[in-house]
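Spelled out, the chains give:
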Amino acid sequence: MSIRDIIKSSIFLFLVISGLLLSTIPILSRKLLTHTRLQGVSPEIDLHYLLLERSIRIHNDVDKSKYPFIKGSGTKNDPYIIENILLDMTRFDEHEGISIKDTNKYIVIRNCKLLSKQDNKPYTFSFYYIPIYSIGIHIYNSSNIIIRNVTFESLSMGIWLERSSEIYIEKNLLSTDIGLIIRDSKEIIIASNRINTKKIPILLHQYLNKHDYSTLNFINNTVNSRPVEVIKDTTDLILANRIIGHLILINTRNITIINIKIINGFLQIISSQQCYFNEISIIGYLGIISYYSNNCTFNKIIVRKGFLSIKLSSCRYFHFEHSDFDNQYGLIIDGSSVEDYIHFFENDVLFSGLPVKIIVNQNNSIIRNMKLNYLIYILYLSSSKITYKLLSPVKVRK
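Residues numbered from 1 in each chain as written. Predicted model: local features only at pLDDT ≥ 70, side-chain atom pairs only at ≥ 80, totals over all residues. Heavy atoms only, no water.

Caption draft 1: Just the overall build of the protein chain, in detail. In terms of regular secondary structure, the protein chain is built from one helix and 32 strands. Buried residues in the protein chain amount to 49% of all 398 residues. Taking the contacts inside the protein chain whose residues are at least 6 apart along the sequence as the reference set, 43% of them involve residues at least 24 apart. On the protein chain, roughly 19,100 Å² of surface is accessible, and the fraction owed to carbon and sulfur atoms is 52%. (Helix = DSSP H or I, 4+ residues; strand = E, 2+ residues; numbered from the N terminus. Buried < 20%, exposed > 50% of the residue type's maximum accessible area, 1.4 Å probe, protein only. Contact = heavy atoms within 4.5 Å. Areas by Shrake-Rupley, 256 points an atom, 1.4 Å probe, with all protein chains shown as cover.)

Caption draft 2: Quick peek at the packing of aromatic side chains. Inspection of the entire model under this criterion finds 10 aromatic pairs. When the ring of F318 is compared with that of F320, the centres are 6.5 Å apart and the planes differ by 40°; the resulting orientation is tilted. Across the pair, F320 and F318 agree in class, each one buried. Taken together, F277, F298, F318, F320 and F325 form an aromatic cluster joined through their ring pairs. (Phe/Tyr/Trp six-rings, centres within 6.5 Å; stacked < 30°, edge-to-face > 60°.)

Caption draft 3: Representation of the pattern of salt bridges within the structure. Scanning all chains against the criterion turns up eight salt bridges. If you follow the salt bridges from partner to partner, you end up with K71, E83 and R110 in one network. (Salt bridge = Lys/Arg side-chain N within 4 Å of Asp/Glu carboxyl O.)

Caption draft 4: The confidence of the model for the protein chain, seen in detail. Of the residues in the protein chain, 74% have a pLDDT of 70 or more, and the chain-wide mean is 79. A low-confidence stretch, residues 20–47 stays under pLDDT 50, and its non-local contacts, those more than four residues away or across chains, total 21 contacts. In the model, residues 354–398 has pLDDT below 50 throughout and makes 106 contacts with residues more than four positions away in sequence or in other chains. (pLDDT = per-residue confidence, 0-100.)

Caption draft 5: Fine view of the environment of K71. On the secondary structure map, K71 appears in the loop between β2 (56–59) and β3 (80–83). On the accessibility criterion, K71 (49% relative accessible area) is partly exposed. Distance in space between the C-alpha atoms of K71 and I81 is 5.0 Å, their sequence separation being 10 residues. Apart from the residues lying within four places of it in its own chain, the contact partners of K71 are K64, P79, Y80, I81 and E83.

Caption draft 6: Structural detail: the nonpolar core. Ranked by size, the top nonpolar core spans 68 residues in total, and within it I56, I109, Y128, I200 and L204 carry the most contacts. Per-element tally for this core: the top contributor is strand β12 (residues 151–162), with six residues. Counting 31 residues, the second largest nonpolar core, distinct from the first, contains I244, L247, C315 and V349. (Core = buried A, V, L, I, M, F, W, Y, C linked by side-chain atoms within 4.5 Å.)

Caption draft 7: How the structure looks around unusual backbone geometry. Positive phi, normally seen in glycine, also occurs at N84, with a value near 55°. Following the sequence through the fold, N84 ends up in the loop between β3 and β4 (85–88). The phi torsion at N259 lies on the positive side, around 55°, for a residue other than glycine. Mapped onto the fold, N259 is located in strand β21 (residues 246–263). Overall, N259 belongs to the partly exposed group, its relative accessible area being 37%.

Caption draft 8: Layout of the sheet that holds strand β11 (residues 143–148). Here we have six strands laid out as an open sheet, ordered β3-β6-β11-β13-β15-β18, and parallel in their pairing. Only two strands of the sheet have a single neighbouring strand rather than two, namely β3 and β18 (216–219). This sheet shows a mean twist of 10° between the axes of neighbouring strands, independent of strand direction. Alignment of strand β13 (residues 165–170) against strand β15 (residues 186–191), held across five bridges, turns out to be parallel. Bridging from a neighbouring strand, I169 pairs with I190 of β15. (Pairing = 2+ DSSP bridges. Axes fitted to C-alpha atoms, helices over the stretch in contact; angles between N-to-C directions.)

Caption draft 9: View of the side chain of E96. With respect to the helices, strands and loops of the structure, E96 is situated in strand β5 (residues 96–101). Within the buried set, E96 has no salt-bridge partner at all; the shortest N-O distance to an opposite charge, 4.7 Å, is to K101. A polar contact of 2.8 Å, which involves the side chain of E96, links it to the side chain of H138. Residues contacting E96, with those up to four places away along its chain left out, are S55, M89, K101, I135, G136 and H138. (Lys, Arg positive; Asp, Glu negative; His and termini not counted. Polar contact = N/O pair within 3.5 Å; in protein donor to acceptor, adjacent residues only side chain to side chain.)

Put into structure tokens, the structure is as follows:
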């Protein structure tokens, strides 16, 4: 046999063996993908994420038989790690992507992506009339949790904390209707998060214990690329001449805010007193939300292009003058005593909104509603609806 014949035979034999090997690869791949799907994981895996077809529920402890991809043992030195997960909530019926309840196990959620479509399922409830179809991460009665470098995309709500402590939320991107809700939680650090929304970026819910607000810490967060300003545990401060994305005051006294424009966020005032606000413009879904505060004065306030102008809960003696409130709804007042309903609106205060029943004490220029129940009763000032007169007439936009 010549050398040429030997070369031809070798090439032919190589091609035959290669063909046999290649023909077995789809079979091996199908077996591998079938095994993966049995573990509850989709075979649609890109270069960065493992795509899940169901939610992650950690109630008391991690069930490794359901979630074999979760690493660690839940201790301080060896926390549970949830990472490199793409959780597409359009693929399952649950409304919460990651649900963590009743646990003090150490958990780290990092480098993940949670996404959904708002209309792929019926919504379970609404929050300030925002329908809640999907919640990225809901943490209830838990502690020792880190959420870092997680992307929330097209969700109704990004992160919801309730009755939890020692939670660290850092360097996340929240492109959601509601970015972050915090209720009755303490020892929380929220740092370097980017929130993109035109509705509610950050809302501190009304706490049962108002002293826990001071354990919240906000560092270098933004709303639509504008800074979130937080003034906490401070006395005698002036903040002036800024364009910002959100403003929160917690446990303050004698704070003066002058010539501030808030875009896509709102003003939240908590456990503060004797604060003065002058020439404030708020363009966002909410205007002014306040709890447990008193003796605050507002002059030349403009609130527009949103849902609700003012909500005062357990607040006393707020004074409004020369202001224009042009949101869909005007004012909510609630509280536990008659004094919580005493506020003053004088000297060209203009409201627009939808009508409900109100009670006005005309002798003291007091606006009271003795049956307020959160969003059910909303104040509307209308010359066609009100038969009383305030000390200074309140104008209504025609």
